[in-house]
Amino acid sequence: MEVKSVNKQTRSTKQRKTRNKGIIRANFVPTLVSAPTGIISAKILTSMKNTSQLSKEDSIKLSEAAQKGLKNSGLDKKGVEVFKIKENPILDKMYTKFRSILKNIISKKDGENSIEQLTELINEVFKYDESDSNAINAIIKELGSNKRTAMQKQSLPINIDIKEQIAKLQALIFKEGSNACYLPKANKIITPDKSLQTSVFHEIGHALNNNGGIILKTLQKARPISTKVPGLILLISLFNKRKTTDKPQKNDSKIQKSADFVKRNAGILTAISFMPMVLEEGIASIRGQKLAKTLVKSKDLSKDIFKKIKITNLYGFTTYSLAAIAGYIGVKLAIKVKDTIQTNYENEQKSKFIKENIKPDLKTYQG
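Values in this document were obtained by computation on a predicted structure and should not be read as measured data. Position numbers for residues count from 1 along each chain, tracking the sequence in the order it is written. Thresholds applied to this predicted model are a pLDDT of at least 70 for local features of residues and 80 or more for the giving and counting of side-chain atom pairs; totals over whole chains, interfaces and linings are not thresholded and use all residues. Computation of side-chain values: all heavy atoms of the structure, hydrogens and water removed.

1. Digging into the overall build of the protein chain
A count of helical and extended segments in the protein chain gives 15 helices and five strands. Evaluated residue by residue, the protein chain yields a buried proportion of 40% over its 367 residues. Residue contacts are counted whenever heavy atoms from the two residues lie within 4.5 Å of one another. The long-range share in the protein chain, meaning contacts at least 24 apart out of those at least 6 apart in sequence, stands at 80%. Every helix listed is a DSSP run of H or I at least four residues long, and every strand listed is a run of E at least two residues long, numbered separately from the N terminus. For each residue, the accessible area found with a 1.4 Å probe, counting protein chains only, is set against the maximum for its type, and the residue is called buried under 20%, exposed over 50%, and partly exposed in between.

See the structure below:
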């Protein structure tokens with residue numbers, strides 16, 4: 001009688017170290033999540049621009065009311081001013097010329113001539129005139145305190161001050177009627193002369209925060225957290241090979257423990273990081289709106305314009321809230337995608353390891 005028994009013989013018990021997979025693919029997830037909110041925000045901006053359109057007479061009344069608001073709040077004594085830039089929407093094809101000129105400047109090709117071309121193009125296309133000079137000077141002042149701009153200037157191959165041209169490039173967003181803002185370092189407010197005029201009291205609210213108590217001033221200075229920290233949270237989470245479902249190990253380093261904490265709480269940490277921006281925006285709207293309401297009572301501002309101010313503020317706050325929501329959802333989904341890819345990869349590696357290292361050994365016994 002011949003008996004065949006099958007014994008499993010392991011050739012190697014050491015499994016190859018698994019790699020960190022899915023980082024690149026997962027990194028695209030937040031962008032995909034933010035795309036719909038970006039479309040919604042663009043539509044909201046269009047609605048804001050339409051809502052904020054005023055007749056010439058109402059525009060003058062709003063400007064006068066804003067000046068009175070600065071006086072009543074004491075901001076005028078602190079140097080806060082409101083400047084307007086004349087709108088002149090440009091054609092998309094003009095961006096190609098700008099990119100070409102800027103590329104020559106950065107690559108140090110024909111620097112002097114490129115600066116002259118840039119200046120000529122800015123003056124011709126965007127038609128900045130004397131009425132825009134105060135706003136441009138405010139942006140120059142804001143840039144003057146920017147270390148990055150100073151570094152950029154030093155890296156240029158030519159000995160020329162181009163801050164004015166950089167300021168005019170940055171002012172394009174106002175020239176196109178796509179933004180209004182408060183410049184905290186320059187302590188000035190800039191709005192387009194047609195679109196988004198009704199956001200001026202929201203910007204005055206930002207000025208009140210920046211020139212007010214230590215808490216609100218700190219909150220405004222903390223706004224950059226909302227733009228920098230979410231990316232850092234995502235980066236730490238995606239480069240952490242350990243999955244959120246993995247259990248901690250006794251010999252984990254402090255760095256590993258910290259990375260695990262960030263990854264497991266990435267969603268809530270991202271939401272918290274957006275709070276300084278969202279809160280400061282909301283408080284600015286409330287304070288600016290409250291100031292505008294006192295001007296309605298004193299009949300320095302009409303109820304119709306005040307209604308547009310409230311609608312504009314609501315639209316603006318909605319866009320910031322959408323950004324925070326998209327950030328939260330984006331990082332949560334990105335981690336889920338990353339962990340799924342990592343799990344599938346590790347399971348494949350485990351199966352491959354078993355197939356390669358555990359093979360049947362047939363032994364024959366005679367009986």
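2. Thoughts on helix α13 (residues 254-264)
At 3.6 residues per turn, the α-helix brings residues three or four places apart onto the same side. Turning to α13, its buried residues are Ala259, Asp260, Val262 and Lys263. With its buried residues spanning 165 degrees around the axis, α13 presents them on a single face. Here the arc refers to the set of directions running from the helix axis out to each C-beta atom.

3. Some remarks on the packing of helix α11 (residues 214-221) against helix α14 (residues 266-297)
Angles here are taken between N-to-C directions and fall from 0 to 180 degrees, while the axes themselves are lines fitted to C-alpha atoms, restricted in helices to the stretch in contact. At a minimum axis separation of 8 Å, α11 and α14 run at an interaxial angle of 130 degrees. If you check the angle between α11 and α14, you find them oblique. Relative to α14, the crossing made by α11 is left-handed. Across the interface between the two elements, Leu216, Leu219 and Gln220 from α11 touch Pro276, Leu279, Glu280, Ile283 and Arg287 from α14. Polar here means any residue outside two lists: the nonpolar Ala, Val, Leu, Ile, Met, Phe, Trp, Tyr, Cys and Pro, and the charged Asp, Glu, Lys and Arg; Gly therefore counts as polar. Tallied by class, the residues present in the contact of α11 with α14 amount to five nonpolar, one polar and two charged. The cut-offs work like this: below 35 degrees is roughly parallel, past 145 is roughly antiparallel, 65 to 115 is roughly perpendicular, and the gaps in between are oblique. Note on convention: the crossing is left-handed when the near helix lies turned anticlockwise from the far helix by less than a right angle, right-handed when the turn is clockwise.

4. A closer look at the nonpolar core
Residues Leu62, Val200, Phe201, Ile204 and Leu301 are the most contacted members of the largest nonpolar core, which totals 23 residues. Those elements that place two or more of their residues in this core are α3 (56-73), α10 (200-210), α14 and α15 (303-357). Only buried Ala, Val, Leu, Ile, Met, Phe, Trp, Tyr and Cys residues count toward a nonpolar core, and they belong to the same one when joined by side-chain atoms within 4.5 Å. Of all hydrophobic cores here, the second largest spans 20 residues; its members include Phe83, Ala135, Ala171 and Leu172.

5. Structural notes on the sheet that holds strand β4 (residues 188-192)
Pairing between strands requires that DSSP locate at least two bridges from one strand to the other. Here we have three strands laid out as an open sheet, ordered β2-β4-β3, and mixed in their pairing. Sheet topology places β2 (81-85) and β3 (181-183) at the edges, where each strand pairs with a single neighbour. Sheet twist, expressed as the average angle between the axes of neighbouring strands with direction ignored, equals 30 degrees. Sheet analysis places β2 next to β4, joined by five bridges and oriented parallel. By the bridge assignment, Glu81 is partnered in β4 with Lys188. Across the face of the sheet, helix α6 (residues 133-144) comes into contact with β2, β3 and β4 while running at roughly 115 degrees to β2.

6. Some points on the environment of Gly79
Position of Gly79 among the secondary structure elements: in the loop between α3 and β2. For the pair Gly79 and Asn187, spaced 108 residues apart in sequence, the C-alpha separation works out to 6.7 Å. Once you skip the residues sitting within four places of it in the chain, Gly79 turns out to touch Asn187 and Lys188.

7. Regarding the confidence of the model for the protein chain
Per-residue confidence for the protein chain averages 84 on the pLDDT scale, and 81% of its residues sit at or above 70. pLDDT expresses how confident the predictor is about each individual residue, on a scale running from 0 to 100. When the criterion is pLDDT under 50, residues 1-11 qualifies, and its contacts beyond four places in sequence or with other chains add up to 32 contacts. Predicted confidence is poor over residues 147-160, with pLDDT under 50, and the contacts of this stretch with residues over four places away or in other chains come to 14 contacts.

8. A look at the side chain of Thr51
By the secondary structure assignment, Thr51 is in helix α2 (residues 29-51). The exposure class of Thr51 is buried, given its relative accessible area of 17%. When neighbours within four sequence positions are excluded, Thr51 is seen to be in contact with Lys308, Ile311, Thr312 and Tyr315.

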